[in-house]
Amino acid sequence: EVNVLRFVHIFKAWFGKDSNTEDMETESPNKPKVEDSGGILKQNREFLDFFWDIAKPEQEIRLKAIENLLQYLETSERDDELKYTLKRLIDGLAATREVARPGFSLALAQVAQHFESVPLQGILDQIKEKHDLQKVKKKRLRHAAFGNFFGVLALFQSGRLTKEPKVLLECVQLLQSLAQYREHLKDLPRKTLVDILSETTESEFEEVLYGSLKTDLSSAFSTPEQLHLLLVAIQKFPGVLKPKRLKKLLGTSTVVTDENIPKLLEILKVSAKSVKMDRILPPLGLDLLRLSLNEGTFELFWNEIVEKGLLLDKAAPCSFMCYRLLGAALPHLSLSELKMVLHGEVMLHYGKNVIATQLPGRVKFGPEMETYVDAFLENCDDPDKQLTVMKAFSTLTNQGNPVITSSWKVVRHLQSTALLDYVDYLKQMFLNPDLEICLELYTRRQNPEKILQPEQCIFRLRKWIVSRLASIIDNPWLKKDEDLVMDITRFIFFYSFFEALKPTLDIPETECLLQVPLDEDTRSATADGFFSLLNYLNCLPVLGENPEAANLNKKHVQGVTADGQLWIYCVSQYASALLSRKKYVRAVKPFSDEEREAWERMLQCVDELRKKGDKSQNMKLSAFQRLGLLIGIHLFKAPTESLELLKDFHHCMDTVLEKECKKKKKTADDEDEPEWVEVVVEILLSLLSQQSKFIRQACTSVFKQICSNVTEKALHLILDVLDPEKDHDEDRALLITDEGKKAKRTSSESESEDNSDEEESSEEEDEDDNDDSSDTEDKEGDEREGDSSAEELEENDSESETEPVDENFRMGLIKALQAGNALPREDEASDEEDLDDEAMMSLDENLAALFAEQKKRAQAKKDEKDQQRKEKILVRDFKIKVLDLIDVFLKKQPENPLVFGIIEPLIAVIEQTMTGKSDQQEQDFLQKTADIFINQLCKSKRYCKDVSSFKDKLYDMMERLVKRARKQTDSSVALYCFSASLYIFRVLRGNISEVPVPPVVQSKKKHKDDEQRDDQEQQGIPVGDLDIDRVKAIYQEALTEFMTKRNSALTGAMFVDLFVRFPIICLHLLDSTVFFITEGVRQHQQGQACLLVQKALQIRELRQSMTESELETLLKQVLSQIHKSLKTVNGFKVKVDQEKVLKCLELTSWVAKIIKQQKLNIELTNMVPDLLAMAQMEGFGRSVQLDNVYWNIMRPLGYSRPKKAKKQQPLVTESTESTKKKKKGFLPETKKRKNRKKVSVGQQKEITGSSNKQSGEGHRGKKKKKNRKRKISESGDKNGLGHSSPAKQSKVQGENTNKGKDRTQTDKSKKKKHKKREPSE
């Protein structure tokens, strides 16, 4: 058979119809015969494989095949093989598969390049003859056109086309003729023609190609391709296409003229719309721009064609083409041209596109323009051009706020001089904001009445400048020195908290006076930017390229200068210098005497710490330096709060320094005083209550350095904040002091929570101003506050609707009405007389006073609820920040015994949060707590090793945790408790994984005594220093409750985790687990018992710790329990019964596997009758998984799985078919048009069709209905039912229906698909 197939392949290849390439080789009416006199194709099978691989879609296979083909042809040196190769490759150029054409074209190009003896003229003649467009059939026209195109492309890629002018001319003419087949080839011929021109010399173009291309060049304004051909020719051959010759061709000596502008504009519009989906700049546009620069008509091109032509077109592709022309033109323009372009209408429209609200799926051009500017700045060597571009984009504003983001990363490519000039420009714009030089833009949706005043625009501009300066320091890719960083820091700090009185050379910031004074909001925003800048400085790597800086960077030291000083210390020194120059500088909020004294004392304390730190590298001293400087700098923003913190800091420092200087014995008074670390923790907690991301990260950084010294009391200070029972005590006293300031800080200072989001918020404000829409995003704290506030308002509304009427107000209202005689008293008769005017006036006054008082009471209640809501938000936000300290401690000190004191408080937090009502902020708090608990605690690879001193406490904690898990009503909370108990279990067991487990020798099987068995357990499963009896009692009680209690919070997954991770406890709980296979309270528990036993038997250490007799006894007991459990099964009506049986069978299968491996003397035959009976129960075959497991057990016992008989398709008669058809619509009989002739003809056709169908002739009809009936009848014939009587047919259909009742839903769906496919077959 192999020889026959090979001969067939060779025969087909001989005639050009190879089975693998017959769909890619074209047919010709006069097919030439292939001469194979030497029998080359029969001798070498490998030669044909090259052509088959070339046609494959995988690029690697094609390239490898071409390489192998070239090597083969070079080594063989046979002309007949080379001729056959050329023929096969030329035939493949017109392959019907698109992926095959490029492969044959590339192969032909490589063959023509390597074998220069083959003339290109001959190859071109073969291509024209094989793919003659005049002789080919119409349906093969597309493939023939591609064959000619790829043939010319192959000759061009060979590199020999320019060496043979005649062939070059014919190729160009062929491409020109292919241009008319645009519906197939699109613009590929013109593009290839442009590529050929780019490789042609000027002399060849003038002598060979100019005459042929003269017609195309003269009609350049007809299509974009012809214009592009002209532009390439002008650019490549300026000596040939001189102005005089251009005038003969076009009528003008230049291309960009006033006369040609309408034609060029239309061509550019067509070109822009042709690349709409590609989102690229057409090469035609860029070439035309370059030509205008060479002709000196760029200003005409830009103003008339771009701004007054393309930009005014409403089509989006034209606008995007203008933006791309702007970005692509930057490298080609001079300084004056750059200024003209960057201050024109295109920039304005680009700004509108950036700030406009786009629908989902629409494209914003901002990121693409950033790539253009980034590429320009990277390749530009002129600092003036770089500065011009940066200034232009920085002054493109919308109501004072620049449209580009403050963290624009293109500044990374600025040269040093351009960067310094740009920073100076930003500082000058901050000091003297000039809105006239800004390119201000407005969107269509902006209301002229809501346009901001100049003062507000200046505020927005200054705020953006501060963020822009800070982002320059934060940019890690920007090369900057320490002088620049300090200059920006000094500038922002000075104008945040100081103002200049007189200029002085010592303080450069005083030399430039403000023309527009800074208001309070601007200084507040600048102060927020300064603390964000401090955050950047705290994480800044060491700058410079000297060895000291490289050494510090290797150690991952951050926040220091090259000489080792903290950046925040440099800022404090500058602040101290400003405070001492009262004659020249004045603080916006001057320090009081007490605050100035605290500041000076802080500096002295830091200096002492620096001196001590130079001698000994103490992390504690470094942490105190950072903490003291942080609190001291914060004096400028919140002096009252910082003053109290500084007092605690100085007290703490005095204690620390005194203990280090005087190593004396502790007295009773010393023992009562708190440790220094406790004071530091209290200070950190106080700082965390403030809404500032800088302070939050600074506190985390300080705590990292002191967490090794944390004591139990210090840790309890942190945990007390998280304790749900103490929400109304310490936390409330800590956070809600001076609540008015806190609420204000929540709304106004929340911007400093994350300065990286400041940029997004500014853009949202722009969209709010532009589009009159609300903000879509906000800061984390504000977002949580907004969500919770909305929920609280809804609750308040619902409460107000259901709130009962105030009885005091009701009684007061009744008395007021009775006093005015508007309401009769109970003991008086009703008086229907009307009240006079005086009585009515007095009654109105009384009622007004009464309702005013009631309104005050309602407002007071509302204010109280609002205050409680704000307090709740502040407490939650504070707790989320405190969790950072817990996270740091667990990461840095996982082996500290204090870790065990964190377990139960975190579980209490999870319990409290999951049981109560939760909004988005509460869910974030719960998610963060759960992540820390699971990932940093329970799954930690490091834990405390030495627990001998408090082992009993850990056993008690394990017992409490398991009992806590059992008492839960939510299984998810119980899982956290159970996981914590497993963590304690791992700690108590010790690090026994490092001790290798000795293999079990064969002699152990002979031991039968209990003492010997215990020895084997200790050898097979290491116990460590573990009280196994106590642990067994704890988990035995939990297992018993899970198996015997109906509504238990415990789950089977918990005990599976216990068994798999700790085989030692699995060994002791195995007997009771086997017992619960039949004694479980419900089917679910019985199935889980089977699963646990299966997991236990899969543990290798457990099986090795048992002797052969013990293992055999255990397996017999397991099988006996399974047998009893299966006898109780009466059917599969309920899903739990099916799951239970599945678990039992899976356990049985695993037991059978162990018996076979260990060669134990256990038989499963006693279970066979029950298994056979179970298979006959109703609903057994509904689960495929259950069926597979069942037959995996029965197959080794000698029972084979029966094959399911294919269900025969019932014959559908005309009557049944007509009844099944549903009418899509109907008309009343009175509305139907009666045409007796057509009805009679239709009846005649139906009668004829039915008679043909009954006779079995099965003639093919034209209508689908007849065709369908015929196929149904034929399918009935195939099944042997074609000539049966109706009674027999109905009988067969009934049998088939009865046979198919027990099939699963999957089988039914398969049969339905089969029914749909069968008529077409």
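How each quantity is defined
Residues numbered from 1 in each chain as written. Predicted model: local features only at pLDDT ≥ 70, side-chain atom pairs only at ≥ 80, totals over all residues. Heavy atoms only, no water. Pairing = 2+ DSSP bridges. Helix = DSSP H or I, 4+ residues; strand = E, 2+ residues; numbered from the N terminus. Contact = heavy atoms within 4.5 Å. Axes fitted to C-alpha atoms, helices over the stretch in contact; angles between N-to-C directions. pLDDT = per-residue confidence, 0-100. Salt bridge = Lys/Arg side-chain N within 4 Å of Asp/Glu carboxyl O. Buried < 20%, exposed > 50% of the residue type's maximum accessible area, 1.4 Å probe, protein only. Parallel < 35°, antiparallel > 145°, perpendicular 65-115°, else oblique. Left-handed = near helix turned anticlockwise from the far one by under 90°. Nonpolar A, V, L, I, M, F, W, Y, C, P; charged D, E, K, R; others polar. Phe/Tyr/Trp six-rings, centres within 6.5 Å; stacked < 30°, edge-to-face > 60°. Core = buried A, V, L, I, M, F, W, Y, C linked by side-chain atoms within 4.5 Å.

Participant: Just checking my understanding: could you explain the sheet that holds strand β3 (residues 439-440) for this structure?
Facilitator: Within a sheet, neighbouring strands are paired by backbone hydrogen bonds and run either parallel or antiparallel to one another. Pairing within the open sheet is mixed, and its three strands lie in the order β2-β1-β3. Because the sheet does not close on itself, it has two edges, and the strands there are β2 (401-402) and β3. Here strand β1 (residues 396-398) runs beside β2; their pairing, made up of two bridges, is antiparallel. From the neighbouring strand, Thr397 faces β2, where its bridge partner is Pro402. Sheet strands touched by helix α20 (residues 345-355): β1 and β3. Its angle to β1, the strand with the most contacts, is close to 50 degrees.

Participant: So what exactly am I meant to see when it comes to the confidence of the model for the protein chain here?
Facilitator: For residues with low pLDDT, the predicted coordinates do not support detailed interpretation. Here the protein chain shows a mean pLDDT of 76. Residues at 70 or above account for 74%. Considering each helix and strand of the protein chain separately, the mean pLDDT is smallest for helix α1 (residues 2-14), with a value of 36, and largest for helix α22 (residues 383-394), with 94. Low pLDDT, under 50, characterises residues 992-1019; the predicted model gives this stretch 25 contacts beyond four residues in sequence or across chains.

Participant: What am I meant to see in the pattern of salt bridges here?
Facilitator: Working definition: two side chains of opposite charge can pair if their charged atoms are close together. Applying the stated criterion across every chain yields a total of 39 salt bridges. One salt bridge connects Lys56 with Asp53, and the closest N-O pair in it is separated by 3.2 Å. For Glu1041, the salt bridge is made with Lys1045, and the minimal N-O distance between the two is 3.8 Å. For Glu1041, a relative accessible area of 12% translates into the label buried. Residue Lys1045 is classed as partly exposed on the basis of its relative accessible area, which comes to 37%. One salt-bridge network, in which partners are shared between bridges, spans Arg966, Glu1037, Glu1041 and Lys1045.

Participant: Would you mind going over the environment of Val389 with me for this structure?
Facilitator: Looking at the element boundaries, Val389 is found in helix α22. The class for Val389 is buried, based on a relative accessible area of 0%. Along the chain, Val389 and Lys339 lie 50 residues apart, while their C-alpha atoms are 8.2 Å from each other. For Val389, the residues in contact, after removing those within four places along its chain, are Leu338, Leu342, Val373 and Phe376.

Participant: What should I look at first to understand the packing of helix α9 (residues 165-178) against helix α11 (residues 188-198) in this one?
Facilitator: Packed helices, taken two at a time, are described by the angle their axes make and the gap between the axes. Running from N to C, α9 and α11 cross one another at 155 degrees; their axes reach a closest spacing of 9 Å. Between α9 and α11, the interaxial angle falls into the category roughly antiparallel. Here α9 runs over α11; the crossing is left-handed. Seen from α9, the contacting residues are Leu168, Val172, Leu175 and Leu178; seen from α11, they are Pro189, Thr192, Leu193 and Ile196. Residue composition of the contact of α9 with α11, by class: seven nonpolar, one polar and no charged.

Participant: What is the right way to look at the side chain of Glu911 in this model?
Facilitator: On the secondary structure map, Glu911 appears in helix α42 (residues 900-915). Leaving out residues up to four positions away in the same chain, Glu911 has contacts with Arg964, Gln968, Val973 and Cys977.

Participant: I'm lost on the packing of aromatic side chains in this one. Help?
Facilitator: Two aromatic rings are characterised by how far apart their centres lie and by the angle between their planes. Throughout the structure, instances matching the rule amount to 45 aromatic pairs. When the centroid spacing of 6.1 Å and the interplanar angle of 70 degrees are considered together, the rings of Phe205 and Tyr210 count as edge-to-face. By relative accessible area, which is 0% here, Phe205 ends up buried. A ring pair is formed by Phe900 and Tyr983, whose centres lie 6.2 Å apart and whose planes are at 40 degrees; its orientation type is tilted. Of this pair, Phe900 sits in helix α42 while Tyr983 sits in helix α45 (residues 971-989), and the two are 83 residues apart along the sequence.

Participant: For this particular structure, what's the right way to read unusual backbone geometry?
Facilitator: A negative phi holds for most residues other than glycine; trans holds for most peptide bonds. Even without a glycine there, the phi angle at Gln399 is positive, about 55 degrees. Gln399 sits in the buried class, given a relative accessible area of 1%. A positive phi angle is found at Lys1159, which is not glycine, with a value near 55 degrees. Tracing the backbone shows Lys1159 in the loop between α53 (1135-1158) and α54 (1168-1175). Classification of Lys1159 by relative accessible area gives exposed; the value is 71%.

Participant: Can you walk me through the nonpolar core in this structure?
Facilitator: Across soluble globular proteins, you tend to see nonpolar side chains buried next to one another. Core analysis: the largest hydrophobic core is formed by 361 residues, its most contacted members being Phe703, Phe900, Ile903 and Leu1058. Among the elements that line this core, the one with the most residues is α45, at eleven residues.

Participant: How should the packing of α22 against helix α23 (residues 416-431) be read in this particular structure?
Facilitator: Relative to each other, α22 and α23 sit at 35 degrees, their axes nearing to 9 Å. Viewed along their axes, α22 and α23 form a crossing whose handedness is right-handed. Where α22 abuts α23, its residues Pro383, Gln386, Leu387, Met390, Lys391 and Ser394 lie against Thr417, Ala418, Asp421, Tyr422 and Tyr425. Grouping the constituent residues of the contact of α22 with α23 by class yields six nonpolar, three polar and two charged.

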